[in-house]
There are 4 protein chains.
Amino acid sequence: MIDFALFGIGFIGSVHLKCIASNPRTRLTWVYDVNRQAAEKAATSTGARVAESPEQALQAADVDAALIASSTNTHADLLTASVKAGKAVLCEKPIDLDIARVRACVAEVEPAGVPIGIGFNRRFDPNHREVYGLIRGGKIGKVEMAIFTNRGPAPPPISYVKVSGGQMRDQTVHFFDLARFILGDEPVEVFAAGACLVDPAIGEAGDIDTSMVTLRMQSGALCLIDSSRRTGYGYDERIEVFGSAGLAESERQRPRGVSYDSGDKIVQDGLHPGWFERMEPTYGLSLDAFVTALEEGKAPSPGLADGLKAQVLAEAAVKSLRENRPVRVEEI
Amino acid sequence: MIDFALFGIGFIGSVHLKCIASNPRTRLTWVYDVNRQAAEKAATSTGARVAESPEQALQAADVDAALIASSTNTHADLLTASVKAGKAVLCEKPIDLDIARVRACVAEVEPAGVPIGIGFNRRFDPNHREVYGLIRGGKIGKVEMAIFTNRGPAPPPISYVKVSGGQMRDQTVHFFDLARFILGDEPVEVFAAGACLVDPAIGEAGDIDTSMVTLRMQSGALCLIDSSRRTGYGYDERIEVFGSAGLAESERQRPRGVSYDSGDKIVQDGLHPGWFERMEPTYGLSLDAFVTALEEGKAPSPGLADGLKAQVLAEAAVKSLRENRPVRVEEI
Amino acid sequence: MIDFALFGIGFIGSVHLKCIASNPRTRLTWVYDVNRQAAEKAATSTGARVAESPEQALQAADVDAALIASSTNTHADLLTASVKAGKAVLCEKPIDLDIARVRACVAEVEPAGVPIGIGFNRRFDPNHREVYGLIRGGKIGKVEMAIFTNRGPAPPPISYVKVSGGQMRDQTVHFFDLARFILGDEPVEVFAAGACLVDPAIGEAGDIDTSMVTLRMQSGALCLIDSSRRTGYGYDERIEVFGSAGLAESERQRPRGVSYDSGDKIVQDGLHPGWFERMEPTYGLSLDAFVTALEEGKAPSPGLADGLKAQVLAEAAVKSLRENRPVRVEEI
Amino acid sequence: MIDFALFGIGFIGSVHLKCIASNPRTRLTWVYDVNRQAAEKAATSTGARVAESPEQALQAADVDAALIASSTNTHADLLTASVKAGKAVLCEKPIDLDIARVRACVAEVEPAGVPIGIGFNRRFDPNHREVYGLIRGGKIGKVEMAIFTNRGPAPPPISYVKVSGGQMRDQTVHFFDLARFILGDEPVEVFAAGACLVDPAIGEAGDIDTSMVTLRMQSGALCLIDSSRRTGYGYDERIEVFGSAGLAESERQRPRGVSYDSGDKIVQDGLHPGWFERMEPTYGLSLDAFVTALEEGKAPSPGLADGLKAQVLAEAAVKSLRENRPVRVEEI
């Protein structure tokens, strides 16, 4: 049984709270949020205690691990504090929006050898995992091209866009991680083409909402990540991996399988309304994998280095967007 | 909050236990099983009390409703006892394998006006419900033909087959109910063609494992239910409704959406391994509908009459199999 | 090179004319039709000669085979005349609407040993053939159930319905043949449930437009043929064969593969507008197989006996409809 | 009736010959090929005459249009000669591999006002056309992203690769045209990422076999063309267009629709074996559109300017590959 202190119980913190509560191998013992009332409500429903400060929870004997789901700007400090307190950490991405600070944080906490996991939950999607397995099983042969499609139903509020770090650091970063993971390969060069086509306000905030990022991988393979902030037809996430022996696809998912034929058309139920409905199961699977790593004394995966690498790729993409040229990852 | 006494914590009882535990509007207060140890284990994990006898639970003040998930031969007695105790009932199907006893039980309990629900969980499958909605919305027009496909991955043990009442009463009965529900129509004549093709031991036990049952509905529509005890390719349940304005299908469901192209073939992930993996979500939805009915003071649906009608159809099918002729439902 | 005399150049005769013209192994030398003008037009475009009478064409030295595509009531006579003239025959189904006359015709022509093919073109559909191949290759194991779906877009004119022999003899008969062919098995008992749901005028003409026919096969397998005269969503023909080792399906065909996602729906291009657009390629394939049989000195397949057997099944179905009971094929 | 002289009866010339022969509005009157025997064989089967020289055919009174399907290096000369002879032209792409020569040729022939069509047959694929129609009908809204997938089953022989002009000019060029046509938009910047992953011999010949080309369109939309010379799973061509109102896809095509469920997999028939089986119907449709243009006195589409523009894009892509940077189309 792993005892958790949960930091942050906003939307994503509540998701983690549910996962901890329903996993038979985990228990929520402490909860902290800047909004004390919210923390108390969460505590009541789970039997956890409310911490006066993060430190209190981190010093508690009945805490094995910290789950950091607070606002982005607090991640690095909480991560460092947890490690100093000797507590394992499962931290929501990103570590920080400032790559320099990420590097400093990694440099500081890594030597401690405390188990640190980063919340790239998409790695645990059973469909994507099957593609991962097909590659590992040699079914695809040598990977030559891959396409990651990643399109949200509607843009986040402009207030969020402004502090999000931008599409590369906020949305596409998940797929920088996924590309590394699924392909088992490292990007060496990034070319990002972006545009503001969905909402001019996003452009005014200095961001883009539509992008195609081409990655050249160490193996020579080419990889595309296309991202949009707004589909109008639900949440559309797909992976396609093409290699010397075949093609594997993690297909577009429909929550229901109903079709209706009439006239000269066939109408099917469409996609999940949002990324959360599509990806919800991955949070529990991600927690489970983290717990298994702790129990088996292995390093959690994805780990701190994965968090850093995905963010480096996001920085390379941002630089490519700015300078309209392919950027070597080593430039970052 | 509806307080439940649960009778029976075998496989299906455990499923109901989980549903009661995770529904915010229900609480498990008492549990009874002939296997006392099993009852105690269930009680421990939920905070419920173990009843010495069904009566103890039914007399308890903190019981609003009985959930009957014990062995089939106890259903009628428990149903009667619950109603006498003034407790609402959600009863697993069938009411009893003996249609005379079902009728006697219905005659006895119905006048009391106690809310009784029957556990035809498939009615709550979101895919089937969408077909139901398309019909109600006029999208299919006047229904003319319907096909219900119902194929299990592997036959149950022969020991179970022998006490199951046979394929019509045990397996196909769910689809007699579903046909009535989805189409909103009553069968008036049944022709059943059956065979023992899967396992000769099933035939030796006097049962069949493969069947096509044609129903002629009051409206004139024709309806087929095909059932098999063994697919070898997972659990295959589908509905197709054809009418004057179009065709609606509740399609075959795949738990994962991955495809792999290689050579001259495309290989996709297949179906759910068993009926439970496919139908698991319907138990919670079924409980939820029952609770809503209680809260709103409405009769639960499916109710006692639905339980009886599905069983009458099963009897008509059994008679048709025996006499190799179409049987009018009113003959039963 | 096989030289053909074509009898009848109505709709289906024109289809055969095109097939003969475009097959490098066949040549149209004579054409006959009661409508002389139509025959002349056909002759002009192909270089064939117009026969004054069927006999003239059948006596011609430059005729190897007769293709009989004239009206149904002339089939038996032309078939007999062709065989007497020693010409091979490819005859459109049915041989005659009167089963007694079919039997008499078969008894008369069979001893001559002249190659006779019957135009059950659906046997040559590449999709259906693949299912046939999967069965023959052992991929399905022992066949246990099969479903043949057969739904036309719109009913034929009432004038045609009146002389068609009825849905069983006119529409379903193709699938009686297909079931025998695909499954490699013979029906022993037929139960037909029919209704007039599409157009009351069809019922007034003594016919049905909607039916489900259950066949019990010699092997024990159960088979359903469902037929409708009107879909409203194009031509819908499918085959599904279920056996001890798996399920094979010849799927619904869409002429175009385009999909459009918008809102909460996915809209796909629908089915072929009619049976002809769906089945057109099978005519050429059917002719080709007939020619190959002639060249190799083998009996054409499907042959005369196949034509008779499919019609016997149609009669059994008609008897079953009339008497509302399963009918043994040997009763016919 | 349009009378054609056909230049070249190699593989693609034979395809055009068949189209001319089977179109009721076209007639083949002359045929020329450097291989006189091949020309004679083609003439025999169609009733056309063999020309001693291209000039003889172009001077003939019974020639309305030249169909140029000879080797690439002869296209520009034949095109010029045809125009000088006042004959309409349907010319296989490319006009020439040397963009300077293409421009010179265009400059020379354009002022004559003779109708000239370029053989970008993919524009006539009914699936792609449907996407085109969805865009024109406003169903997609404002286009934001498009992905063109273009993967051949196996690389051409190295001897061909060496004279082909390379993947951009030989394979991807079709999709430069298709992108312009389907989207109704012009690329302004091209970034091409390429690799030699399929066969080292292709790399030794100075070419690539795998590429992802990003186009930035005038409208701001982003567009990807991914090309591979070898799939191992047949011919894979798809288009996906994403816009403010929805997503349209011209899906992967399977020549047969058969599926087989067994164990935990569903196996479907795969794709067409090669591009020709997939694209064969487009040649006749392309010819038909050209003839219609001539009959209606309109400029054929795609026309000469389209041929030039697609080749300019190929040049921009080649430059981008060489210099590893986005190239403005106006640089070419």
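Criteria and thresholds
- Residues numbered from 1 in each chain as written.
- Chains lettered and ligands numbered in written order.
- Predicted model: local features only at pLDDT ≥ 70, side-chain atom pairs only at ≥ 80, totals over all residues.
- Heavy atoms only, no water.
- Least-squares fit on C-alpha atoms with pLDDT ≥ 70 in both.
- Contact = heavy atoms within 4.5 Å.
- Pairing = 2+ DSSP bridges.
- Helix = DSSP H or I, 4+ residues; strand = E, 2+ residues; numbered from the N terminus.
- Buried area = accessible area lost by both parts, 1.4 Å probe.
- Salt bridge = Lys/Arg side-chain N within 4 Å of Asp/Glu carboxyl O.
- 1 Å grid on protein atoms, 1.4 Å probe; cavity = no way out; pocket = protein on both sides within 12 Å on 5 of 7 lines; lining within 4 Å.
- Points joined across faces, edges and corners; volume = space filled by probe spheres on them.
- Nonpolar A, V, L, I, M, F, W, Y, C, P; charged D, E, K, R; others polar.
- Axes fitted to C-alpha atoms, helices over the stretch in contact; angles between N-to-C directions.
- Parallel < 35°, antiparallel > 145°, perpendicular 65-115°, else oblique.
- Left-handed = near helix turned anticlockwise from the far one by under 90°.
- Polar contact = N/O pair within 3.5 Å; in protein donor to acceptor, adjacent residues only side chain to side chain.
- Disulfide = S-S within 2.5 Å.
- Buried < 20%, exposed > 50% of the residue type's maximum accessible area, 1.4 Å probe, protein only.
- Phe/Tyr/Trp six-rings, centres within 6.5 Å; stacked < 30°, edge-to-face > 60°.
- Right-handed = clockwise from strand over helix to strand, strands pointing away.

### Side note on the relation of the copies chain B and chain C
Logical step 1: The two copies are related by a screw operation: chain B maps onto chain C through 180 degrees of rotation and 0.0 Å of translation along the axis, at an RMSD of 0.0 Å. Taken together, the rotation and translation describe the operation of a two-fold axis. Distance from the rotation axis, computed per C-alpha, reaches its smallest value in chain B at B:Arg325: 2.8 Å.
Logical step 2: Taken as a fraction of all interface residues of chain B, those also at the interface in chain C reach 100%, which identifies the copy contact as same-surface.

### A few points about the sheet that holds strand E4 (residues 65-68) of chain B
Either a parallel or an antiparallel arrangement is found when strands of a sheet pair, and the pairing is made through backbone hydrogen bonds.
All names here are of chain B.
Logical step 1: Spatially, E3-E2-E1-E4-E5-E6 is the arrangement adopted by the six strands of the open sheet, whose pairing is parallel. With partners counted over all chains shown, the strands left at the sheet margins are strand E3 (49-50) and strand E6 (116-118), one partner each.
Logical step 2: Alignment of strand E5 (residues 88-91) against E6, held across three bridges, turns out to be parallel. Within the sheet, the bridge partner assigned to leucine 90 lies in E6 and is glycine 117.

### Examining the environment of D:Ala69
Logical step 1: When you line up the elements, D:Ala69 lands in the loop between strand E4 (65-68) and helix H4 (75-84).
Logical step 2: With sequence-adjacent residues up to four places away left out, D:Ala69 is seen in contact with D:Leu6, D:Phe7, D:Gly8, D:Ile12, D:Gly13, D:His16 and D:Glu92.

### Some details on the interface of chain D and chain A
Logical step 1: On the side of chain A, 45 residues touch chain D, which itself brings 45 residues to the contact.
Logical step 2: Of the roughly 3300 Å² buried between chain D and chain A, counting both surfaces, carbon and sulfur atoms make up 59%.
Logical step 3: Sorting the residues of chain D by area buried against chain A places D:Met145, D:Leu197 and D:Met212 first, and these three jointly supply 17% of that buried surface.
Logical step 4: Counting every contact that joins chain D to chain A gives ten salt bridges.
Logical step 5: Across the salt bridge formed by D:Arg230 and A:Glu144, the nearest N and O atoms sit 2.5 Å from each other.
Logical step 6: Taken together, the elements giving at least two residues each to the side of chain D that touches chain A come down to strand E7 (143-151), strand E8 (187-195), strand E9 (210-217), strand E10 (222-228), strand E11 (236-243) and strand E12 (246-250) of chain D.
Logical step 7: With six residues, the top contributor of residues to the side of chain D that touches chain A is E10(D).

### So, the layout of surface pockets
Over the atoms, a rolled probe matching the size of one water molecule traces out where space is still vacant.
Residue and element names in this part refer to chain A.
Logical step 1: When its volume is computed, the second largest pocket comes out at roughly 1300 Å³.
Logical step 2: Looking at the second largest pocket, it is lined by 43 residues, and the ones nearest its centre are Ile12, Lys93, Tyr160, Asp170 and Trp275.
Logical step 3: Element by element, the count of residues in the lining of the second largest pocket is highest for helix H8 (residues 167-183), at five residues.
Logical step 4: Along the lines of polarity and charge, the residues of the lining of the second largest pocket split into 20 nonpolar, 16 polar and seven charged.

### Looking at the packing of helix H5 (residues 99-109) of chain B against helix H11 (residues 304-323) of chain B
Residues and elements named next belong to chain B.
Logical step 1: As a packed pair, H5 and H11 sit with axes 10 Å apart at the nearest point and diverge in direction by 165 degrees. With respect to each other, H5 and H11 are oriented roughly antiparallel. In the crossing of H5 with H11, the sense of the turn from one axis to the other is left-handed. For the pair formed by H5 and H11, the contact residues are Ile99, Val102, Arg103, Val106 and Val109 on the first element and Leu304, Leu308, Gln311, Val312 and Glu315 on the second.
Logical step 2: Of the residues in the contact of H5 with H11, the class split is seven nonpolar, one polar and two charged.

### A look at the interface of chain B and chain C
Where the parts come together, the accessible area they lose is often given as the size of the interface.
Logical step 1: Between chain B and chain C, the contact holds 45 residues from the first and 45 residues from the second.
Logical step 2: Carbon and sulfur atoms make up 60% of the surface buried where chain B meets chain C, a total of about 3300 Å² over both sides.
Logical step 3: Where chain B meets chain C, there are ten salt bridges.
Logical step 4: Between B:Glu240 and C:Arg238 there is a salt bridge, with its nearest N and O atoms 2.8 Å apart.
Logical step 5: Put simply, chain B and chain C have twelve residue pairs in polar contact (both at pLDDT 80 or more) between them.
Logical step 6: Sorting the residues of the side of chain B that touches chain C by element identifies strand E7 (143-151), strand E8 (187-195), strand E9 (210-217), strand E10 (222-228), strand E11 (236-243) and strand E12 (246-250) of chain B as the ones contributing at least two each.
Logical step 7: Among the elements that make up the side of chain B that touches chain C, the one with the highest residue count is E10(B) (six residues).
Logical step 8: A breakdown of the residues in the side of chain B that touches chain C according to their chemical character gives 17 nonpolar, 13 polar and 15 charged.

### Some words on the state of the cysteines
Logical step 1: Applying the stated criterion across every chain, the model contains zero disulfides over all chains.
Logical step 2: Here B:Cys19 is not disulfide-linked; the sulfur of B:Cys91 is the nearest cysteine sulfur, at 16 Å.
Logical step 3: Exposure remark for B:Cys19: the relative accessible area of 12% places this residue in the buried category.
Logical step 4: You can see D:Cys91 has no disulfide; the closest cysteine sulfur is in D:Cys105, sitting 7.9 Å from it.

### Brief notes about the relation of the copies chain D and chain A
Note on the chain copies: they are related by a rotation about an axis and a translation along it.
Logical step 1: Least-squares fitting of chain D to chain A yields an RMSD of 0.0 Å, with the transformation described by 0.0 Å of translation along the axis and a rotation of 180 degrees.
Logical step 2: When you check the interface residues of chain D against chain A, 100% turn up at the interface there too, and the contact is symmetric in its surfaces.

### Structural notes on the packing of aromatic side chains
All names here are of chain C.
Logical step 1: Taken as a whole and judged by the stated rule, the model has 34 aromatic pairs over all chains.
Logical step 2: On the numbers, 6.1 Å between centres and 50 degrees between planes, the contact of phenylalanine 4 with phenylalanine 290 is tilted. Separated by 286 residues along the polypeptide, phenylalanine 4 in strand E1 (residues 2-7) and phenylalanine 290 in helix H10 (residues 275-296) bring together distant segments of the chain. Side by side, phenylalanine 4 and phenylalanine 290 carry an identical accessibility label, which is buried.

### Brief notes about the sheet that holds strand E5 (residues 88-91) of chain C
Residues and elements named next belong to chain C.
Logical step 1: Spatial ordering of the open sheet is given by E3-E2-E1-E4-E5-E6, a layout of six strands whose pairing is parallel. Taken across any chain shown, the strands that pair with only one partner, and hence form the sheet edges, are strand E3 (49-50) and strand E6 (116-118).
Logical step 2: As judged from the six bridges shared by E1 and strand E2 (residues 26-32), these two strands associate in the parallel manner. Within E2, the residue paired with aspartate 3 across the bridge is arginine 27.
Logical step 3: Running at roughly 150 degrees to E2, helix H1 (residues 11-22) makes contact with E1, E2 and strand E4 (65-68) of the sheet.

### A closer look at the packing of helix H8 (residues 167-183) of chain B against H11(B)
Residue and element names in this part refer to chain B.
Logical step 1: In the contact formed by H8 and H11, the axes pass within 8 Å of each other and the chain directions differ by 120 degrees. Here H8 is positioned oblique relative to H11, judged by the angle of their axes. In terms of crossing hand, the pair formed by H8 and H11 is right-handed. Residues Met168, Arg169, Val173, Phe176, Asp177 and Arg180 of H8 form the contact with H11, whose own contacting residues are Asp306, Lys309, Ala310, Gln311, Leu313, Ala314, Glu315, Ala317, Val318, Leu321 and Arg322.
Logical step 2: Of the residues in the contact of H8 with H11, the class split is nine nonpolar, one polar and seven charged.

### Regarding the pairing of E2(C)
All names here are of chain C.
Logical step 1: In terms of burial, E2 is largely enclosed, as six of its seven residues are buried.
Logical step 2: Looking at chain direction, E2 and E3 are connected through two bridges and run parallel. The partner of tryptophan 30 across the bridge, within E3, is arginine 49.
Logical step 3: With helix H2 (residues 36-46) bridging E2 and the parallel E3, this β-α-β connection has right-handed handedness.

### A few points about the pattern of salt bridges
Logical step 1: Following the criterion strictly, the structure yields 149 salt bridges over all chains and no others.
Logical step 2: The partner of A:Arg328 in a salt bridge is A:Glu189, with the nearest N and O atoms 3.7 Å apart. Taken together, the residues A:Arg328 in strand E15 (residues 327-328) and A:Glu189 in strand E8 (residues 187-195) connect sequence positions 139 residues apart.
Logical step 3: Between D:Arg252 and D:Asp236 there is a salt bridge; the shortest N-O distance is 3.6 Å. With D:Arg252 in the loop between E12 and strand E13 (258-262) and D:Asp236 in strand E11, this residue pair connects regions lying 16 residues apart in the sequence.

### Remarks on the environment of A:Met212
All names here are of chain A.
Logical step 1: For methionine 212, the location among the structural elements is in strand E9 (residues 210-217).
Logical step 2: When its relative accessible area of 0% is taken as the criterion, methionine 212 is described as buried.
Logical step 3: When the C-alpha positions of methionine 212 and threonine 26 are compared, they lie 40 Å apart, and in sequence the two are 186 residues distant.

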